[in-house]
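Per-entry structural report
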Amino acid sequence: MHFNKLRNYLEKIEEINYLIKVLEWEINTTLPSSSFEYATNLKNVYEEKLYELKISKEYKDILKEVLASKDFTKLREPKKRYILTLERDYKILKKVPKVFYLDFKKLKDASSNAWLKAKKENDYNIFKPYLKKIIKYSTKYYKYVYPNSNVYDSMLSSYEEGLNTKVLDNLFDDLKKEILPLIKKQQKKNIKKVKFTLNDNTLLDVSKYLLDYINLDTSKCALGIFAHGYTAKFNNKEVRIAFPKTDNIIDHFLTVIHEGGHALYELNIANELKNFPFYEINKNAIHESISRFYENTLARNKNFWLPIYNDIKKITKINLSLNELIKHLNYSRPSMIRTRADELTYPIHIIIRYEIEKEIFNGKININDLPNIWNKKYKEYLGIEPQNDSEGILQDIHWSDASFGYFPSYLAGTIFDAMLLAKLEEELGSIDELLKKNNVKEITAYLTNSIFKYGSTYNINELSNRICKKNLEVESLINYYKKKYE
């Protein structure tokens, strides 16, 4: 009885949440600019209704009844942890004043719109006043929620439990020390860039083909074009994937496969958790681990393409041989754009953002100086310097919607990937042989059984101990890089 009441209440939350996500998708992809204000205002109306549902006395009482029931003690761990997370989230949101919460939501919408304009016009000054407000509001939000904690540590933990600056400083410093010399060694190599523009229909066709190949049920997936690649996670029956138009077809392949990894995670939650109508995975380092595992560990491997490359050539009319494609996929050279970075230089893109974010919220950076600080770090670490704001400080959408503390999730996930690869090969055998025999489905099945089905039950360090029998460590990733790039 108690669980039915909770399930019914969560259905109300899910109905409103779904409408919000549909509006967000439309605003980000196909909505004409003339409708932006109306759609944004409508979304804010639903945001207020969602807030009211999530902090109501009725919801509090239902959770209290469930937690006090004898049946709760009999629940298996995934479902039990999920309900405890609902209670935690209720307590967190209850600390945030309604007016502030709704104002912050509106600010994020305005800020994201300003970022789009600033990026298009290559002008940081358009975005700067919004970023200043976003930083102020973000600080205030986390002080409401965790008044006695370091603000940036609270941000990190909100995206992945167990991560904080102490843990990340140790991991990132060790990694940086080892891979910067490797990156310098690659700079003597050179390769001609591939520029190959596809029309929208062909982009969609090849995207669907690749998603089918990694065993994603594309009947549950919508595709769209946006300035930034991302996966909109609606529920376990629907995801939507956006990707940018590009003249680099290889970047497009990797973006689609990366986002497909996110989608696979969302759509493969175990049935016992699917019984709850609203179950959003909130472990972002694990999410990024999976997406980057498909992008890097699988899609940069020649054997991934062997069974399908003739089909890919027919769809796209790409005039590269398979060996040429693999050279491009595994070529390492410092570049400006994070989302187009090769797997060796990518960690440095994240470390730069992490170091900047940490200094922002420790009061060590003036917002006027951000572009210069950004550019200097790129020069120091990668030997390159952005020529404009769009390829520098404005290249990522994350800060516009207050996603401070999210970037480290990408690198924590990459660190876990190297550990996961070793364990997967121990269980299933050589990944080269699996891919050569067109067994991507077997790999996806292994990850479903080890990770996907648990949804948000375990954080990345808990998964590391469950699967690999040890805490997160960078030695596996360093060895992977050295074997491949030394």
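Heads up: the structure comes first, above all this text.
Treat the numbers as computed from the prediction; the structure is a model and nothing was measured. Chains are numbered independently. Their residues run from 1 in the order of the written sequence. In view of the model being predicted, local features appear only for residues whose pLDDT reaches at least 70, and side-chain atom pairs are presented and counted only at 80 or more, with totals across whole chains, interfaces and linings using the full set of residues. Note that the side-chain values use all heavy atoms of the structure and ignore hydrogens as well as water.

Of all hydrophobic cores here, the largest spans 142 residues; its most connected members are Phe304, Trp305, Leu447 and Ile451. Contacts are residue-level and defined by heavy atoms, with any inter-residue pair within 4.5 Å sufficient. In this structure, Phe304 is in contact with Tyr213, Ile214, Ile257, Leu298, Ala299, Leu435 and Val440, ignoring residues within four places of it in sequence. Ile20, Leu53, Leu63 and Phe72 belong to the second-largest nonpolar core, a separate cluster that totals 23 residues. Put simply, buried Ala, Val, Leu, Ile, Met, Phe, Trp, Tyr and Cys residues joined by side-chain atoms within 4.5 Å make one nonpolar core. With a 1.4 Å probe rolled over the protein chains alone, any residue whose accessible area is under 20% of its type maximum counts as buried; one over 50% counts as exposed, and the rest are partly exposed.

This paragraph deals with helix H2 (residues 36-55). In this model, H2 (20 residues) spans 29 Å end to end at C-alpha, consistent with the 28 Å of a helix rising 1.5 Å per residue. Only DSSP runs of H or I reaching four residues or more are called helices, and only runs of E reaching two or more are called strands; each is numbered from the N terminus. Residues of H2 that are buried: Ala39, Thr40, Lys43, Asn44, Tyr46, Glu47, Leu50, Tyr51, Leu53 and Ile55. For H2, the secondary structure elements touched by its buried residues are helix H1 (2-28), helix H3 (57-68), helix H5 (77-94) and helix H6 (98-121). Multiplying 1.5 Å by the residue count of a helix minus one yields the expected span of that helix.

Next up on the list: the packing of H2 against H5. Inter-axis angles, ranging from 0 to 180 degrees, are taken between N-to-C directions of lines fitted to C-alpha atoms, where helices are fitted over the stretch in contact. Two numbers describe how H2 lies on H5: the axes approach to 9 Å, and their chain directions differ by 115 degrees. Remark: the crossing between H2 and H5 carries left-handed chirality. Contacts from Tyr51, Lys54 and Ile55 in H2 reach Tyr90, Leu93 and Lys94 in H5. Lys, Arg, Asp and Glu make up the charged group, whereas Ala, Val, Leu, Ile, Met, Phe, Trp, Tyr, Cys and Pro make up the nonpolar group; the residues left over, Gly among them, are polar. Its residues assigned to classes, the contact of H2 with H5 comprises four nonpolar, no polar and two charged. What makes a crossing left-handed is the near helix being turned counterclockwise from the far one by less than a right angle; a clockwise turn instead makes it right-handed.

The subject of this paragraph is the packing of aromatic side chains. Geometry of aromatic contacts follows a simple scheme: Phe, Tyr and Trp rings, the Trp one being its six-membered ring, pair when their centres are within 6.5 Å, and the pair is stacked under 30 degrees between planes, edge-to-face over 60, tilted otherwise. Following the criterion strictly, the structure yields 31 aromatic pairs and no others. Ring centres of Tyr346 and Tyr410 lie 6.3 Å apart, and the angle between their planes is 70 degrees; on these two criteria the pair is classed as edge-to-face. Taken together, the positions of Tyr346 in helix H17 (residues 346-361) and Tyr410 in helix H19 (residues 407-428) put the pair 64 residues apart, joining distant regions of the chain. A relative accessible area of 3% means that Tyr346 is categorised as buried. By way of ring pairs, the aromatic residues Tyr152, Phe172, Tyr354, Phe361, Trp374, Tyr378, Trp399 and Phe404 are connected into one cluster. Sitting over the face of the ring of Phe72, Lys80 holds its NZ or CZ atom 5.8 Å from the ring centroid. Either the NZ atom of lysine or the CZ atom of arginine qualifies as a charge over a ring when it sits within 6 Å of the ring centre and within 35 degrees of the ring normal. Between Arg353 and the ring centre of Phe407, over which it is positioned, the NZ or CZ distance is 5.4 Å.

Our next topic: the pattern of salt bridges. A pairing counts as a salt bridge when a side-chain nitrogen of Lys or Arg comes within 4 Å of a carboxyl oxygen of Asp or Glu. Applying the stated rule across the entire model yields 30 salt bridges. Between Glu65 and Lys5 there is a salt bridge; the shortest N-O distance is 3.0 Å. One end of the pair, Glu65, is in helix H3; the other, Lys5, is in helix H1, with 60 residues separating them in the sequence. Residue Glu65 is classed as partly exposed on the basis of its relative accessible area, which comes to 30%.

Looking now at the sheet that holds strand S1 (residues 221-225). For two strands to count as paired, DSSP must find a minimum of two bridges between them. If you walk across this open sheet you meet the three strands as S1-S3-S2, and the pairing is mixed. Looking at which strands have only one partner, the edges of the open sheet turn out to be S1 and strand S2 (230-235). The sheet shows a mean angle of 15 degrees between the axes of neighbouring strands, taken without regard to direction. Two elements, S1 and strand S3 (residues 238-243), share five bridges in a ladder whose sense is parallel. Within S3, the position partnered with Gly224 by the bridge is Ala242. In this fold helix H11 (residues 249-267) packs onto S2 and S3, with an angle of close to 165 degrees to the strand it touches most, S3.

This part covers the pairing of S3. Among the six residues in S3, six count as buried, and that is most of the element. Here S3 shows a buried face lined by Glu238, Arg240 and Ala242 and a second buried face lined by Val239, Ile241 and Phe243. In this structure, S2 lies alongside S3, joined through five bridges in antiparallel fashion. Directly across from Thr231, in S3, lies its bridge partner Ile241.

With that settled, the discussion passes to the side chain of His328. Topologically, His328 is positioned in helix H16 (residues 322-330). Of the residues examined, His328 reaches a relative accessible area of 19% and is grouped as buried. What His328 contacts, discounting residues up to four positions off in sequence, is Ile191, Lys192, Val194, Ile250 and Leu320.

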